[in-house]
Amino acid sequence: QVQLVESGGGLVQPGGSLRLSCTASESLLRLNNMAWYRRVPGKDLQLVAGISSGGVTHYGDSVKGRFTISGDTAKNTVYLQMNSLKPEDTDVYYCNARKGSAQSYWGQGTQVIVSS
């Protein structure tokens, strides 16, 4: 069982920045992939950004060029740096970890509100 603890959400004005953190209960090197998702109203969870254990990153189209995902293996923590935030980025952001062939774990979510 991998436990994920998220932090860093909050209220920010449009154009501002936030950094989300997700700390895993075990080494990132033992996890195939870590990612951030958000729930689009009326739809399924949407991938925001992901990073593999080898450091390969991928992003959802709506955040490319604005968000950056990175990992710190010494701290077992993945970060999501969010810049140029827009009101439509308002959502609950969930951290996900994948291990092995079929194991998937979720954090409790952290709220991001972009509003003036």
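Residues numbered from 1 in each chain as written. Predicted model: local features only at pLDDT ≥ 70, side-chain atom pairs only at ≥ 80, totals over all residues. Heavy atoms only, no water.

*Asks:* Looking at this model, I keep getting lost on the confidence of the model for the protein. Mind explaining?
*Replies:* Close inspection of predicted coordinates is inappropriate for parts of the model with low pLDDT. When pLDDT is averaged across the protein, the result is 94; 100% of the residues are at 70 or more. Ranking the elements of the protein by mean pLDDT puts strand 10 (residues 103-106) last, at 94, and strand 8 (residues 77-82) first, at 98. (pLDDT = per-residue confidence, 0-100. Helix = DSSP H or I, 4+ residues; strand = E, 2+ residues; numbered from the N terminus.)

*Asks:* Just to check I follow, could you spell out the pairing of strand 1 (residues 4-7) for this structure?
*Replies:* A one-sided burial pattern is seen for strand 1, the buried positions being Leu4 and Glu6 and the unburied ones Val5 and Ser7. Bridge analysis of strand 1 against strand 3 (residues 18-24) gives 4 bridges, and the strand direction is antiparallel. Of the residues in strand 3, the one forming a bridge with valine 5 is threonine 23. (Buried < 20%, exposed > 50% of the residue type's maximum accessible area, 1.4 Å probe, protein only. Pairing = 2+ DSSP bridges.)

*Asks:* Explain the side chain of aspartate 89 here, please?
*Replies:* Tracing the sequence through the fold places aspartate 89 in the loop between strand 8 and strand 9 (91-99). Assessed through its relative accessible area of 1%, aspartate 89 is described here as buried. Within the local environment of aspartate 89, its side chain forms a polar contact with the side chain of arginine 38, the two groups lying 3.0 Å apart. Residues in contact with aspartate 89, not counting those within four places in the same chain, are Arg38, Arg66, Phe67, Ser84, Val112 and Val114. (Polar contact = N/O pair within 3.5 Å; in protein donor to acceptor, adjacent residues only side chain to side chain. Contact = heavy atoms within 4.5 Å.)

*Asks:* What's the story with the pattern of salt bridges in this structure? I'm lost.
*Replies:* Inspection of every chain in the model, using the stated rule, returns 5 salt bridges. Residues aspartate 89 and arginine 38 are paired through a salt bridge, measuring 3.0 Å at the closest nitrogen-oxygen approach. Pair noted here: aspartate 89 is in the loop between strand 8 and strand 9 and arginine 38 is in strand 4 (residues 33-39), with a separation of 51 residues, a long-range link. Of the two residues examined, aspartate 89 and arginine 38, each falls in the buried class. Where salt bridges share partners, they join Glu26, Arg30 and Lys99 into one cluster. (Salt bridge = Lys/Arg side-chain N within 4 Å of Asp/Glu carboxyl O.)

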